[in-house]
Each structure stands twice: as C-alpha cells, then as structure tokens.
Amino acid sequence: MSFKASLLHFIVMVALFAGSGSANAQEKAINLVGFGDSLMAGYQLAPSESYTAQLEAALKAKGHKVVITNAGVSGDTTSAGLSRIDWSVPDGTDGVILELGANDALRGIAPEQSEKNLDAMLARLKERGIPVLLAGILAPPNMGGDYAEKFNPIYKRLADKYAVPLYPFFLDGVTTVPGMQIEDGMHPNAKGIAVMVERTLPMVEAFLGEIGSATK
C-alpha cells in the first residue's frame with residue numbers, strides 16, 4: 001500500500017471512530033431518579049402503573065432516550081428522605097425529580113423542619129452536581145389556613161434559592177377529582193397517575209433538555 005493510500009486509510013478509520021463515538025454519546029440514555037414518597041412509589045399500583053414507569057414510557061414515546069429509577073418509599077417524610085438520599089441517588093445519576101412533603105403535612109410536622117430537610121437534600125444534590133426538578137405539595141385543607149400559609153410557600157422559596165425548576169403541585173388534576181384515586185381517596189390510581197404524567201411532561205422534557213445541554 002502506498003503512503004497516500006495508507007494515509008487515506010488512517011484518516012477514514014479516525015473519522016469512523018470519531019463518528020462511532022459521537023453516535024454512542026447521542027445514544028446514551030439520560031438516567032433520572034424519581035425520589036419521593038408513596039406518590040412517587042405508586043402506592044397499591046403495579047410497577048408499570050407508577051409515576052416513574054408511566055413517565056418513562058411517555059418520554060420514550062416522544063423519542064427521548066431516558067431511564068427513570070423509582071426511588072419512592074411509601075410513608076417517607078422529608079426527614080426520612082434526607083437520611084437516605086445519598087445512597088438512593090447513585091453516582092451516575094443525571095437528574096432527580098424530588099417530591100417529598102406530603103406526609104409531613106399530613107402529620108402536622110412543623111413546616112420549618114420540612115423546609116430545612118428539603119433544603120439539605122437540594123444542597124447535597126447540588127454539591128454532587130446533580131440537577132433537580134422539584135415537585136411541590138400543598139397542605140391538605142384540614143390542617144388549617146395558618147399551617148398552609150407556612151407550608152405551601154416552601155417549594156417556591158427553595159426553587160428560587162437553588163435555581164431549580166419547580167412543578168408547583170404534584171397532584172394537580174387529581175386531588176378531589178372523582179375517579180382519580182384508589183379506595184382511600186388520597187393516593188392516585190393508574191388513571192390519576194396518567195394525568196400527573198401528562199401535566200408534568202412538558203416540564204420534564206424541558207428538564208431533559210437542560211441536562212442534555214449541560215453534558216454536551
């Protein structure tokens with residue numbers, strides 16, 4: 001083989017290798033973790049009916065390469081979430097959908113404590129360089145107006161502090177809507193989860209776009 005032919009062969013191989021590497025980078029799935037309580041876990045639902053499973057399916061149907069791990073634990077308060085967030089969100093995670101606080105509100109835990117715990121979780125994820133989409137919760141009416149006035153602004157305040165996107169109310173379109181809950185009247189059924197996915201989808205897609213831009 002002549003020198004020119006050898007040089008051409010080398011250039012072609014380098015180009016193919018570079019192209020292959022670029023294609024592999026494009027094909028790499030974004031790894032998300034859904035971190036929360038029973039609303040994230042899919043209380044009394046089949047694994048395929050949970051929020052993370054339905055969201056992953058909806059994103060893939062729109063052409064996104066994404067894998068969403070369900071790190072929801074039924075009954076978790078913000079304190080419980082804080083105690084496990086380091087190991088529940090493994091290295092290599094590209095982003096976290098953080099949803100906690102509903103059980104705090106149901107138990108009447110001081111909003112100041114809930115905010116402190118959520119703040120600590122956001123700080124830890126920021127230190128690790130993991131982007132967060134924060135999903136807010138509203139205090140139930142039976143807790144009274146004073147409690148709601150202290151609890152409800154927590155999420156907006158933290159979203160502003162850490163400059164993270166906020167979906168204001170995770171159960172939007174489901175709470176008090178007939179046919180959207182399981183028998184307990186509190187947790188969403190599969191149909192309710194589908195509504196939650198539909199309503200959060202635009203924000204999650206934007207979140208994926210931000211992650212993709214940051215990794216390029």
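As a starting point, this report considers the structure included with it. (Residues numbered from 1 in each chain as written. Predicted model: local features only at pLDDT ≥ 70, side-chain atom pairs only at ≥ 80, totals over all residues. Heavy atoms only, no water.)

Turning to its location among the elements, aspartate 119 is positioned in helix α6 (residues 111–127). The exposure class of aspartate 119 is buried, given its relative accessible area of 16%. A polar side-chain atom of aspartate 119 sits 2.6 Å from a polar atom in the side chain of lysine 161. When sequence neighbours within four positions are dropped, the list of residues in contact with aspartate 119 reads Leu158, Lys161 and Tyr162. (Helix = DSSP H or I, 4+ residues; strand = E, 2+ residues; numbered from the N terminus. Buried < 20%, exposed > 50% of the residue type's maximum accessible area, 1.4 Å probe, protein only. Polar contact = N/O pair within 3.5 Å; in protein donor to acceptor, adjacent residues only side chain to side chain. Contact = heavy atoms within 4.5 Å.)

Of note, alanine 163 is a non-glycine position whose phi angle comes to about 55°, a positive value. Within the secondary structure, alanine 163 sits in the loop between α8 (154–162) and β5 (166–167). Of the residues examined, alanine 163 reaches a relative accessible area of 70% and is grouped as exposed. Even without glycine at this site, threonine 176 takes up a positive phi of about 65°. With respect to the helices and strands, the residue threonine 176 is situated in the loop between β5 and α9 (190–215).

Take the sheet that holds β5 next. Ordered in space as β2-β1-β3-β4-β5, the five strands form an open sheet in which the pairing is parallel. The sheet is open, and its two borders are formed by β2 (66–72) and β5, each paired with just one other strand. Across two bridges, the pairing between strand β4 (residues 132–135) and β5 is parallel. Residue leucine 134 lies in a different strand from β5, and its bridge partner there is leucine 166. (Pairing = 2+ DSSP bridges.)

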